[in-house]
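# Topology and contacts: notes
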Amino acid sequence: MTSKARELAQIPSTPSGRRNIVINGAMNVAQRGTSFTGLGNGDTGYQVDRFRFVESGSPTYEFTVSQSTTVPSGSGFSNSVKFDCTTADTAMAAGDTLKFEQWIEAQNLQHLAYGSSSAKSLTLSFWVRSNKTGNYVVWFYQDDDARQITKTYSISSADTWEFKTLTIPGDTTGVIDNNNARGLLLSWGLASGTTYTSGTQPTAWESATNANRYAGLNVNLADSTSNEWYITGVQLEVGTVATEFEHRSFGEELALCQRYYHTTDHLAGSSRAHAAYILGVYTTTRGFFGIDVPVAMRATPSISMEGAINLREPDLTTDGTLSSVSYYSNLNNTKFVIDATFSTSTANTFRSVSISTDGAFLFDAEL
Amino acid sequence: MNITSAQYKKNLEDENHSIIATIDGVEWGVPLSVGNRHYDEILRQVEAGTLTIQDAD
């Protein structure tokens, strides 16, 4: 064997370097907060970064979704996500569902070569734990061509962390467009009515049909307030083998998350800044100021504010309180001009924007 | 996505440039930009006839 051949033979069959396509798979980044109570009908939304609680229909259950420090022992993880049922729904209506999801941006999936004969297999691995044993389903959904495939996993031992590995083939038919929109959805089904379970589990990629979506799911995580479900260590990678979880630094993972969501208060509880931004007072109730974000956002974001944010004169005398903010213009999705409405200030002056201890500006460019 | 109110906001040229919307109980300034999930959902609900965007003040 030549030295070059020997060298090639030592290269593992799975790619090295950046492997995990999922962002925040270790559940460490939680810019929005660490605990969300009363999540139920109409409450689809994000909790830890990039992952979201999703409901459909009109369910009567309620859950607390939180960042938890309960983790598989010796795994190297510090956090997980916990679903804790606080109001039971023992009889899910046909169209009701309960899910945990992450959307992956389409242009980050071009190396999968979907829609060609070279389409690559994917392996999803994760740690999961629940008191509720049974068969669960992960739904893989490709948005551009509405294609789906699912995989079942079993929780066999109550209240015990289990490591799951699911491999799906590449889709040689459906093309993932090369853009910044929704590419692939990972959806952990936790409860579902018959609208989404009455069909047959797809073992190959197919055109999406509701009846097949969670076929095989025989668990209703919402049927008792004793129920809880934990997950961490989510990794999606090219190939048919689940490799060791790719632990990234907190700063690196935070930056990946900030492409989709940014808050000026990403370290909850830290002190806030006086004179963080300078606002030009256009009229007595309207003005403009700029905010730079640390990472180019995926798309033009929606902008919001929370807590008390005041305008101050140089000697810190309050001269107006912000009541509303909106997007005005931007430069490369990294610098935004904010259109602010406030209680009466002094027109044709500059005022500092002073963020109180509970205040923050929020930028949302999620998928 | 529960959108309970939506109203255009004008820029300094007196053109609609964003929507102030209450979404899931939080007020957001939403850009008129396809690809923004809030704007896309507002358009979907307007198309479905379940939401009306009020004129700017």
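If you're wondering where the values come from, they're calculated on a predicted model, not measured in any experiment.

Bringing the overall build of chain B into the picture now. When its secondary structure is counted, chain B shows one helix and three strands. Start at the N end of chain B and walk to the C end: the helices and strands fall as β-β-β-α. Its C-alpha atoms give chain B a radius of gyration of 11 Å, within 12% of the compact-globule value 10 Å for 57 residues. For chain B, the spread of C-alpha atoms along the principal axes amounts to about 30 × 20 × 20 Å. A separation threshold of at least 6 residues defines the contact pool for chain B, and within that pool the share at least 24 residues apart is 30%. Put simply, chain B shows about 3,100 Å² of open surface, and 43% of that area lies on carbon and sulfur atoms. Computing the positive centroid from 4 side-chain charges and the negative centroid from 10, chain B places the two 4 Å apart.

We now examine the overall build of chain A. A tally of regular secondary structure across chain A gives two helices and 22 strands. Over its C-alpha atoms chain A spans a radius of gyration of 23 Å, differing by no more than 12% from the 21 Å that the globule rule assigns to 367 residues. Judged by the C-alpha coordinates and their principal axes, chain A covers about 70 × 65 × 40 Å. Per-residue burial for chain A yields a buried fraction of 54% across its 367 residues. When the accessible surface of chain A is summed, it comes to about 14,400 Å², and 48% of that surface belongs to carbon and sulfur atoms.

All right, on to the pattern of salt bridges then. Residues and elements named next belong to chain A. Tallied over the entire structure, the rule returns 19 salt bridges over all chains. For Glu 366, the salt bridge goes to Arg 32, with nearest N and O atoms at 3.3 Å. Taken together, the positions of Glu 366 in the segment after strand 22 (360–364) and Arg 32 in the loop between helix 1 (3–9) and strand 1 (35–39) put the pair 334 residues apart, joining distant regions of the chain. Here Lys 335 ties to Asp 292 by a salt bridge, and the two come within 3.1 Å at their closest N and O atoms. A residue pair is termed long-range when its members are at least 10 positions apart, and Lys 335 in strand 20 (residues 335–342) and Asp 292 in strand 16 (residues 286–292) qualify at 43 residues. You can call Asp 292 exposed: its relative accessible area is 52%.

With that settled, consider the interface of chain B and chain A. Taken residue by residue, the interface counts 21 residues in chain B and 26 residues in chain A. For the chain B and chain A pair, buried surface summed over both sides reaches about 1,700 Å², with 46% attributable to carbon and sulfur atoms. If you sort the residues of chain B by the area they bury against chain A, Leu12(B), Trp28(B) and Arg37(B) come out on top, with a joint share of 35%. The tally of links from chain B across to chain A stands at two salt bridges. With its nearest N and O atoms 2.7 Å apart, the salt bridge here joins Arg37(B) to Asp364(A). Inspection of the region where chain B meets chain A yields 15 residue pairs in polar contact (both at pLDDT 80 or more). Mapped by element, the contributors of at least two residues to the side of chain B that touches chain A are strand 1 (3–10), strand 2 (16–23), strand 3 (26–31) and helix 1 (37–48) of chain B. Along the lines of polarity and charge, the residues of the side of chain B that touches chain A split into six nonpolar, nine polar and six charged.

What counts and how
- Starting from 1, residues in each chain are numbered consecutively following that chain's sequence as written.
- Here the convention is simple: chains get letters from A, ligands get numbers from 1, in the order in which they are written.
- Only residues with pLDDT of at least 70 get local features here, since the model is predicted, and only at 80 or more are side-chain atom pairs given and counted; chain-wide, interface and lining totals rely on the full set of residues.
- Think of the side-chain values as coming from all heavy atoms in the structure, minus any hydrogens and water.
- The way it works is that DSSP assigns letters per residue, a run of H or I at least four long becomes a helix, a run of E at least two long becomes a strand, and they are numbered from the N terminus.
- Just to be clear, the radius of gyration here is over C-alpha atoms, and the globule rule we use is 2.2 Å times residues to the power 0.38.
- Contacts are residue-level and defined by heavy atoms, with any inter-residue pair within 4.5 Å sufficient.
- Working definition of accessibility: Shrake-Rupley area with a 1.4 Å probe, residue cover restricted to the visible protein chains.
- Just so you know, the count uses Lys and Arg for positive and Asp and Glu for negative, and it drops His and the chain ends.
- Charge positions are represented by NZ for Lys, CZ for Arg, CG for Asp and CD for Glu.
- When accessible area is computed with a 1.4 Å probe and restricted to protein chains, residues below 20% of their type maximum are described as buried, those above 50% as exposed, and intermediate ones as partly exposed.
- One speaks of a salt bridge when a side-chain nitrogen belonging to Lys or Arg is within 4 Å of a carboxyl oxygen belonging to Asp or Glu.
- Two parts placed together each lose some accessible area under a 1.4 Å probe, and adding up what both lose gives the buried area.
- For the purposes of these results, a polar contact is taken to be a pair of N or O atoms within 3.5 Å, where, inside protein, one atom must be able to donate a hydrogen and its partner to accept one; residues adjacent in sequence count only when each atom of the pair is a side-chain atom.
- Under the scheme applied here, ten amino acids are nonpolar (Ala, Val, Leu, Ile, Met, Phe, Trp, Tyr, Cys and Pro), four are charged (Asp, Glu, Lys and Arg), and all others, including Gly, are polar.

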